[in-house]
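Single-letter residue listing:
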Amino acid sequence: DPPACDLRLPGRKIHAQSYGYLCSEVYSVDTFHTRFKQEGVLSGKAAMDYRSSILRPGGSEDAKGMVKFFLGCDPTQDAFLLSKGLQVEGCKPPAC
C-alpha cells in the first residue's frame, strides 16, 4: 500500500471499498493542491500534463507511479488531512 494512503485511524476499521475510495481521494486532493491550486485551475500546462500522465495511461499503469510523475514528487496525505480539518504535526500543504 502506498504510504500516502495509509489512513489507519485508532479505533476505526476501514473496509476494502472505503479504503479504495479514500486512497483515490488522497490522490485527487494532493493532485489539486500540488498542481492545479498552485498553477491555476485553468492552467493549460497542468491540464495537458494531467491528460498525458493520468488519463492517457488509465488503468494500464500503477496509480502511485502516474501520480508521482504528474506531481514531480511522491504523493502525500497532508492535503487530504488538512481538507478534512485535521491538524497533524508536521502536516503542511504540499509543494514539490
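All of these numbers come straight from a predicted model, not from anything done at the bench.

(A) Region of interest: a nonpolar patch on the surface. Together, Phe32, Val41 and Leu42 give the surface a local cluster of nonpolar side chains, amounting to about 350 Å² of exposed area. By the secondary structure assignment, Phe32 is in helix α1 (residues 16-39). What makes Phe32 partly exposed here is its relative accessible area of 35%.

(B) Representation of the pattern of salt bridges. On inspection of all chains with the given rule, the structure shows five salt bridges. For Lys45, the salt bridge identified is with Asp49, shortest N-O distance 2.9 Å. Taken together, the positions of Lys45 and Asp49, both in helix α2 (residues 44-55) and four residues apart, correspond to about one turn of that helix. The exposure class assigned to Lys45 is exposed, which follows from its relative accessible area of 55%. Asp74 is the salt-bridge partner of Lys68, the closest N and O atoms lying 3.3 Å from each other. Residue classification places Lys68 among the partly exposed positions, given a relative accessible area of 40%. Judged by its relative accessible area of 41%, Asp74 is partly exposed. Connected via shared salt-bridge partners are Arg35, Glu39, Lys45 and Asp49.

Rules and cut-offs
- Residues numbered from 1 in each chain as written.
- Predicted model: local features only at pLDDT ≥ 70, side-chain atom pairs only at ≥ 80, totals over all residues.
- Heavy atoms only, no water.
- Patch = residues over 30% accessible without salt bridge, like charges linked within 9 Å, V, L, I, M, F, W, Y side chains within 5 Å.
- Areas by Shrake-Rupley, 256 points an atom, 1.4 Å probe, with all protein chains shown as cover.
- Salt bridge = Lys/Arg side-chain N within 4 Å of Asp/Glu carboxyl O.
- Helix = DSSP H or I, 4+ residues; strand = E, 2+ residues; numbered from the N terminus.
- Buried < 20%, exposed > 50% of the residue type's maximum accessible area, 1.4 Å probe, protein only.

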